[in-house]
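Structural features, examined
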Amino acid sequence: MKKGLLLLMVVVLSVFGLSACGGGSSSDGDKTEITYYQFSAPADGKALDEMVKEFEKQNPDIKVKVQTIAYNDYFTKLQTQIAGGDAPDAFELNYETFVQYAEKGVLADLTSYIEKDKDFDPSTLNKQAYDAFKYEDKQYGMVESFSNVVTIYNKDLFDKAGVDYPTADWTWKDEQAAAEKLTDAKNKVWGTSQPVTMNEFYKVAAQNGGSIFNEDMTAATINSPENVEALTHLTSEVTDSKVAPSPSDLSGQLPEDLFMNGQIAMLHTGIWLFDMFQDAPFEWDVQVEAGNTQKATHFFANGIGVSKDSDKKEAAFKFASFMSANEEAAKIRIDNNWELPATENKEILQPYLDATPPDNREAVFESLQYMVLPPVVKDWNKISDYTNSEFEKVLNGASTPEKALKNSEANINETMGFK
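Notes on the structure in this doc start here.

Basis of the calculations
Residues numbered from 1 in each chain as written. Predicted model: local features only at pLDDT ≥ 70, side-chain atom pairs only at ≥ 80, totals over all residues. Heavy atoms only, no water. Pairing = 2+ DSSP bridges. Helix = DSSP H or I, 4+ residues; strand = E, 2+ residues; numbered from the N terminus. Axes fitted to C-alpha atoms, helices over the stretch in contact; angles between N-to-C directions. Salt bridge = Lys/Arg side-chain N within 4 Å of Asp/Glu carboxyl O. Buried < 20%, exposed > 50% of the residue type's maximum accessible area, 1.4 Å probe, protein only. Expected span 1.5 Å × (residues − 1). Arc of directions from axis to C-beta. Contact = heavy atoms within 4.5 Å.

1. Observations concerning the sheet that holds strand β7 (residues 149–154)
On the basis of which strands lie adjacent, the open sheet formed by four strands has the order β8-β9-β7-β10 and mixed pairing. Two strands bound the open sheet, and with one partner strand each, they are β8 (190–193) and β10 (284–287). For this sheet, the mean angle separating the axes of adjacent strands, direction not counted, is 20°. In this structure, β7 lies alongside β10, joined through four bridges in antiparallel fashion. Looking at the pairing, N154 lines up with W284 of β10.

2. A word on the pattern of salt bridges
Any two side chains of opposite charge can pair, on the condition that their charged atoms come close. Inspection of the entire model under this criterion finds nine salt bridges. The residue K127 makes a salt bridge to D131 at a minimum N-O spacing of 2.5 Å. Of this pair, K127 and D131 are both found in helix α7 (residues 127–131), four residues apart, which corresponds to roughly one turn of the helix. Between K203 and E289 there is a salt bridge, with its nearest N and O atoms 2.6 Å apart. Residue K203 is located in helix α10 (residues 198–206), and its partner E289 is located in the loop between β10 and β11 (297–298); the two are separated by 86 residues in the primary sequence. Each member of the pair K203 and E289 is classed as buried. Within this structure, K127, D131 and K134 form a network of salt bridges that share partners.

3. Thoughts on helix α4 (residues 71–83)
The first and last C-alpha atoms of α4 sit 19 Å apart over 13 residues, in line with the 18 Å expected at 1.5 Å per residue. All buried positions along α4 are accounted for by Y74, F75, L78 and Q81. Viewed along the axis of α4, the buried residues span an arc of 130°, placing them on a single side of the element. In this structure, α4 carries N72, T76, T80 and A83 as exposed residues pointing more than 90 degrees from its buried face. Next to the buried residues of α4 lie β1 (32–39), β2 (62–69), β3 (90–94) and α5 (95–103).

Structure follows, in structure tokens:
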């Protein structure tokens, strides 16, 4: 019996001895590890790595395991994980999809965590961006960044064609006239390029006084004279005047690739591509997008939600809060040209304004005066897929703007259950 007791003591001491020797393992074991899913975007790899390192430095008891997923596959994988009871502790959501997840009840209510956190002050953030992640007056997400779309233009092509650079008061007519002079079909140079998709159309419609729904969201208004004119403006650049590349012209390339090749003079795209264009072999700048009856510009916001089923909500909230409002995180985002942090701190934002190219970064903030938000409805993705297919038919010559919008309005009313 004594022999057995002695053997037991040796085993116990051996176990403790091994634990003591493996100091690093013991330390890691004491950490709370959270999983974080995010969708990929230009410049975010390096920036996110830096942010995570800084967060773990400030919170040595938390380790963040990041998984980056291509945007086109992201929400399918996220929904599969959630449905299978294996949701990440924290995950990225854009404004357009946030409400869908809040409605499904898969997000943790962060209101109480915010109230208890003495280091987090919502007043330091852009109010519109912060409030974008509220649902039924409760905070179900933490804004991490926001961005918009501007007109990015190749100054060398403008100079070569003898065309004046875009100004903030340009209209569709002004852009069309410039695009016609800039287009050089022989050398495959197009004057402009703009996506013909629902995520672009709702803004273009607003530039002409149109809308997708009525004010109280009880009926679709997409098939209006204003919207027919807006869709005609978008599609005719491809089909009639041919100042914009068609899907076949792109041949699988992205418009930003053609812009970098010096084949597009004006590109309507997001400020998240500034970093990609730093090495462009030509001079370029930006301007507020042209409007028609009024100005209207995109407003995008990305945030982080915490899974309702996570058993590490507090740690996940700390990470989401850090990504949202921490000054070091904001500086890293600006240093990497990765969209805009939601901070209102002008001192932190100043390096963004000072960086070149582009010279006219003021246009980014000027555009915020005219921002319009996409309609937030639970079936927005389904509606967008349908309208995109209708728009594509117009581009391919198989339909007309009038028919595409008539079909889209019927589809929206049916999808939303409107009578």
